[in-house]
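# Summary of structural features
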Amino acid sequence: MLVLLLLCLGIAPYASAQTSRTIADFDKGWKFHLGDVKGAEKASAPDKNWRLLNLPHDWSIEGTFSKDNPASPEGGALPGGIGWYRKTFTVPLASKGKQVYIDFDGVYQHSDVWVNGHHLGFRPNGYISFRYELTKYLNYGGVNVIAVKVNNSEQPNSRWYSGSGIYRNVWLVTTNPVAIDHWGTYVTTPELGIKSAGVVVKTTVRNSQSTAKPYTVRTKIFDADNKLVAVGGSIPSKAQLSDSAVSFENTLPVYAPRLWSVESPYLYKVVTEVLIDKKVVDTYTTPLGIRTFEFDADKGFILNGKSLKILGVCDHHDLGSLGAAINTRALERQLQILKGMGVNGIRTSHNPPAPELLDLCDKMGFIVMDEAFDMWKMKKTKYDYHQFWDEWHKRDLQDQILRDRNHPSVFIWSIGNEIGEQYSRTDTVGRVIARELAGIVRSLDNRPITAANNDPEPASNIIASGALDIIGYNYHHQDYESFHKRYPGKKFISTESTSALETRGSYDMPSDSIRRWPISWDKPFTTGNKDNSVSAYDNVSAPWGSTHEETWKVVKKNPMLSGMYIWTGFDYLGEPTPYSWPSRSSYFGVIDLAGFPKDVYYMYQSEWTNKTVLHIFPHWNWEAGKTVDVWAYYNNADEVELYLNGKSIGIKKKTGDDLHVMWRLKYEPGTLKAVSRKNGKVVLTKVINTAGAPAKIELIADRSNIKADGKDLSFITIRILDKNGNVVPNADNLVKFKISGAASIASVDNGDPVSHAPFKADYRKAFHGLALAIVQGKEQAGTITFTATSEGLAPATVVIRSK
Ligand code: GAL
């Protein structure tokens, strides 16, 4: 019926194949020089001897770990400095009369950009996306040069590893002179019923030529199968003045809308067209997820009419051994591992994320808290963004909201993390800024605003400002339950929680007491471990935080608590707190830097997913006679029975709010077996054997087919096994890698926070029996053969196909 009607109106029912705007991947073929070069901005500057590379690129991750690097271990102990990038490219004569722009998704940091020697601008913020117009400086039909100076030499400027360089994607965008503006659509669904959703599409059209003919804006909505479900148009505009923008608003009904949810993130797409003389002169696509949500003071978070606890994690932007250089597959893998644990929320701590993160969260179903700043005017490190606050905060915040507001996965804006201005009881600077920032956000979007406060008092400047829709605390889990006594009728979210520490595979015994490191920084933190490791039992935490179990127990039972974002999902480079050098990465992750889950991952999996879980730990290789605690995380069962060498050690059941069970026993080598049962019937069985000497290597590729696009990755897990196939829990064998075919080794890791071995290498020691190699295909289809060898061990080979 709709199709018929459209045909009568002369409207093609399917997306027009004509693309009047081109968005070209501009990542390939850049020249790079580490260090400052006088005159490198000039088009004629020599760059023949510079290194040829493809973006995204992070030069810090290629550096050598040293405690003397000015970023300090807090910043990841890797070098910063100044770097130059240049790209020579041709622009066809046919582009004359078009608008040409270069879009940077993110450059860390203090970037200056020139085209053909003309300075286009300076952008200090290392996490913001920005655009420059090239139109009037280009040689059409000739050669052009873009030069970018990146200055990350003022250190320290971050409390975690930032990376350095053009570490996100770059795009060359060409449009007609009349086109939809940069971030020029805004799609909302203010009216949503079971039968239909009213989709409001605001479109801003910019005319960049001296006069423009009248034009029309047409909006189409397609469902996930690319079927047209709605169309609407504007009345023709008047002729529009040069370099001006005009906005249009359409409301389109989508009948029987499919809703976006975390389990089923259904996506429509909005295709907006500009037409002159009935010809499409621009096409612009915006994602659309239809959903309703609210935060309720008593009931917590409600999505599409149903209560949903936000089970989130905070993460920094690095991708482990790949550094800050964005790679969509690496990000997708992180999100898949988190989904497997039951996570449904991501906080982009403490800055605007790569756009690809939000695309993936839209597709995979995560509730995103999109955060803007880690500091305002008051600094946290000597050279951080506070230097640029006055001049840039408004522009940066506006750009973040404009860029991100169409993502259905974004539910909350956070205007800052643990901001220094919250504490003063004598000045009100924090209140003034909080109101200003909230005002900027509200002028562009109506999603709720929070801030991640570590001062939970009503007198805290940011809370007292009244600017927040949802009051957010970092930590203070002891105070969650009394929240309404302090803040009657207010809504609450745990913006950041936990900060517990674990080193994968490292266990201290006995472990039933909770340890917090001393709050006073001059007292060294000791776990009794000389290797700067912490116990993998959930028993060590920051003094301001809690063990994983402590916070989850509180959040679980209290419906008014809309959710929590654990610090952190993954270990990240930098902030090895409470240790310092030789440690260079964090211990807070539920998952280590290489992407290997720590034990507590399975506690969350048993609580947050429907998957049936039985996870027992530690390993079973100890000194004879040692007293060992064995823990089990389980669900969907009444009890677990543990056996050592066939003899029952006893049946344990979780009672009250227990999240694990434990047996304390004397170690003897052999076989530890756990059996979970429900109503007397076996649900799951888990066995851990005492491992013998390392004998062979096992390789497991997460994907054995990858795309031949030069970007796709296969993550290969290396396991050191004994002759019977048991993982050897303390194996640290040096493993060497060889690769043949159209691929290279992008990086290697093992999750050890103390290792100073390079990530860009063709070898790695195992850490507690495991290592990781990341293989990156080239733009060439074929067979990739990856081989791992180690002295005294049987080698292994895995084959990957790239298509
Ligand atoms: C928080 C802070 C995070 C991280 C964490 C470590 O206070 O927001 O960025 O530093 O502590 O426990």
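If you check an unreviewed UniProt entry, the protein appears there as Glycoside hydrolase family 2 protein from Mucilaginibacter pankratovii. According to its UniProt record, the protein has this under Sequence similarities (unreviewed entry): "Belongs to the glycosyl hydrolase 2 family."

Along the backbone of the protein there are nine helices and 48 strands. Over its C-alpha atoms, taken along the principal directions, the protein stretches across nearly 90 × 65 × 65 Å. Burial analysis of the protein (803 residues in total) assigns 61% to the buried set. Element-wise, carbon and sulfur atoms account for 52% of the exposed surface of the protein, whose accessible area totals about 31,300 Å². The distance from the centre of the 93 positive side-chain charges to the centre of the 85 negative ones in the protein is 4 Å.

We now examine unusual backbone geometry. Cis geometry marks the peptide bond from Tyr 108 to Gln 109; its omega dihedral reads -10 degrees. The residue Gln 109 is located in the loop between strand S5 (99-104) and strand S6 (111-115) in this model. Cis geometry is adopted by the peptide bond preceding Thr 568, which originates at Trp 567 and carries an omega value of -5 degrees. By the secondary structure assignment, Thr 568 is in the loop between strand S32 (563-567) and helix H9 (600-608).

Any two side chains of opposite charge can pair, on the condition that their charged atoms come close. The full count for this structure, using the stated rule, is 42 salt bridges. Among the ionic pairs, Asp 36 bridges to Lys 149, the shortest N-O distance being 3.7 Å. In this pair, Asp 36 sits in the loop between strand S2 (30-34) and strand S3 (51-53) while Lys 149 sits in strand S9 (residues 142-152), placing the two residues 113 residues apart along the sequence. Under the relative-accessibility criterion, Lys 149 is labelled buried at 19%. Between Arg 486 and Glu 457 there is a salt bridge, with its nearest N and O atoms 3.8 Å apart. Remark: Glu 457 occurs in the loop between strand S27 (449-453) and helix H6 (461-464) and Arg 486 occurs in helix H7 (residues 483-486); sequence separation between them is 29 residues. Relative accessible area serves as the criterion here: at 28%, Arg 486 is assigned to the partly exposed category. Of the residues examined, Glu 457 reaches a relative accessible area of 35% and is grouped as partly exposed.

Paired through their backbone hydrogen bonds, the strands of a sheet run either parallel or antiparallel. Pairing within the open sheet is antiparallel, and its four strands lie in the order S15-S14-S18-S19. Each edge of the open sheet carries a strand with a single partner, namely strand S15 (228-233) and strand S19 (279-288). Mean inter-strand twist for the sheet, computed between neighbouring axes without regard to direction, equals 20 degrees.

Attention shifts here to the side chain of Thr 286. The residue Thr 286 is located in strand S19 in this model. Taking the relative accessible area as the measure of exposure, Thr 286 reaches 2% and is therefore buried. Within polar-contact distance, the side chain of Thr 286 engages the side chain of Thr 185 at 2.8 Å.

This next bit is on the site of the ligand. The full set of residues close to the ligand is Arg 159, His 350, Asn 417, Glu 418, Asn 474, Tyr 475, Glu 496, Ser 499, Trp 544, Trp 567, Glu 575 and Phe 588. A distance of 2.5 Å is found between an oxygen atom of the ligand and a side-chain nitrogen or oxygen belonging to Glu 575. Calculation on the ligand without its partners gives an accessible area of 310 Å², and the protein chains cover 95% of this total. In the shell around the ligand, the residues fall into four nonpolar, four polar and four charged.

We now examine the pairing of strand S34 (residues 627-634). Along any regular strand, the residues point their side chains to alternate faces of the sheet. Within S34, seven of the eight residues are buried, leaving the element largely enclosed by the surrounding structure. Where strand S33 (residues 614-617) and S34 come together, four bridges link them in antiparallel fashion. From the neighbouring strand, Leu 614 faces S34, where its bridge partner is Tyr 634. As defined by bridge partners, S34 adjoins strand S37 (residues 661-666) across six bridges and the pair is classed as antiparallel. Bridge pairing in S37 links Val 628 to Leu 665.

Looking now at the side chain of Ser 535. With respect to the secondary-structure elements, Ser 535 resides in the loop between strand S30 (515-516) and strand S31 (540-541). On the basis of relative accessible area, Ser 535 is assigned to the buried category, the value being 0%. Within the structure, the side chain of Ser 535 is placed 3.5 Å from the backbone nitrogen of Asp 508, a separation counted as a polar contact. At 3.1 Å, the side chain of Ser 535 forms a polar contact with the backbone nitrogen of Tyr 537. Excluding anything up to four places from it in sequence, Ser 535 contacts Leu 501, Glu 502, Thr 503, Ser 506, Tyr 507, Asp 508, Arg 515 and Val 540.

Bringing helix H8 (residues 548-557) into the picture now. In an α-helix, one turn spans 3.6 residues; hence positions three or four apart end up facing the same way. Burial in H8 covers these residues: His 548, Glu 549, Thr 551, Trp 552, Val 554 and Val 555. In this fold, the buried residues of H8 make contact with strand S23 (310-314), strand S29 (492-498), S32, H9 and S34.

Moving on, we come to helix H3 (residues 355-364). For H3, a buried count of eight out of 10 residues is recorded, marking the element as mostly surrounded by other parts of the structure. Within H3 the residues assigned to the buried category are Pro 355, Glu 356, Leu 357, Leu 358, Leu 360, Cys 361, Asp 362 and Met 364. Gly 365 occupies a position one or two residues after H3 and carries a positive phi of about 85 degrees.

In space, the three strands of this open sheet follow the order S20-S21-S22, with antiparallel pairing throughout. Edge strands, defined here as strands with exactly one partner in the open sheet, are strand S20 (293-296) and strand S22 (306-307). One ladder, built from four bridges, connects S20 with strand S21 (residues 300-303); its direction is antiparallel. Bridge pairing in S21 links Glu 294 to Ile 302.

What follows covers the environment of Lys 238. Tracing the chain through its elements places Lys 238 in the loop between S15 and strand S16 (240-241). Among the residues examined, Lys 238 registers a relative accessible area of 72% and is labelled exposed. It is 5.0 Å that separates the C-alpha atoms of Lys 238 and Pro 214, two residues lying 24 residues apart in sequence.

Now for the nonpolar core. The biggest cluster of nonpolar side chains holds 105 residues, and the ones touching the most others in it are Met 341, Trp 376 and Trp 620. Ignoring any residue separated from it by four or fewer positions in sequence, one finds Trp 376 in contact with His 386, Trp 389, Ile 415, Gly 416, Ile 419, Glu 421, Gly 430, Ile 433, Ala 434, Leu 437 and Ile 462. If you look at the next biggest cluster of nonpolar residues, it comprises 40 residues, including Phe 65, Ala 324, Tyr 572 and Tyr 587.

Their axes nearest at 10 Å, the elements helix H2 (residues 328-341) and H3 cross at an angle of 40 degrees. When the axes of H2 and H3 are compared, the pair comes out oblique. Viewed along their axes, H2 and H3 form a crossing whose handedness is right-handed. Across the interface between the two elements, Thr 328, Leu 331, Glu 332, Leu 335, Gln 336 and Lys 339 from H2 touch Glu 356, Leu 357, Leu 360, Cys 361 and Met 364 from H3. Of the residues assigned to the contact of H2 with H3, the class counts are six nonpolar, two polar and three charged.

Procedures and definitions
Residues numbered from 1 in each chain as written. Predicted model: local features only at pLDDT ≥ 70, side-chain atom pairs only at ≥ 80, totals over all residues. Heavy atoms only, no water. UniProt positions renumbered as here; feature names shortened; annotations may be inferred. Helix = DSSP H or I, 4+ residues; strand = E, 2+ residues; numbered from the N terminus. Buried < 20%, exposed > 50% of the residue type's maximum accessible area, 1.4 Å probe, protein only. Areas by Shrake-Rupley, 256 points an atom, 1.4 Å probe, with all protein chains shown as cover. Lys, Arg positive; Asp, Glu negative; His and termini not counted. Charge placed at Lys NZ, Arg CZ, Asp CG, Glu CD. Salt bridge = Lys/Arg side-chain N within 4 Å of Asp/Glu carboxyl O. Pairing = 2+ DSSP bridges. Axes fitted to C-alpha atoms, helices over the stretch in contact; angles between N-to-C directions. Polar contact = N/O pair within 3.5 Å; in protein donor to acceptor, adjacent residues only side chain to side chain. Near = heavy atom within 4 Å. Nonpolar A, V, L, I, M, F, W, Y, C, P; charged D, E, K, R; others polar. Contact = heavy atoms within 4.5 Å. Core = buried A, V, L, I, M, F, W, Y, C linked by side-chain atoms within 4.5 Å. Parallel < 35°, antiparallel > 145°, perpendicular 65-115°, else oblique. Left-handed = near helix turned anticlockwise from the far one by under 90°.

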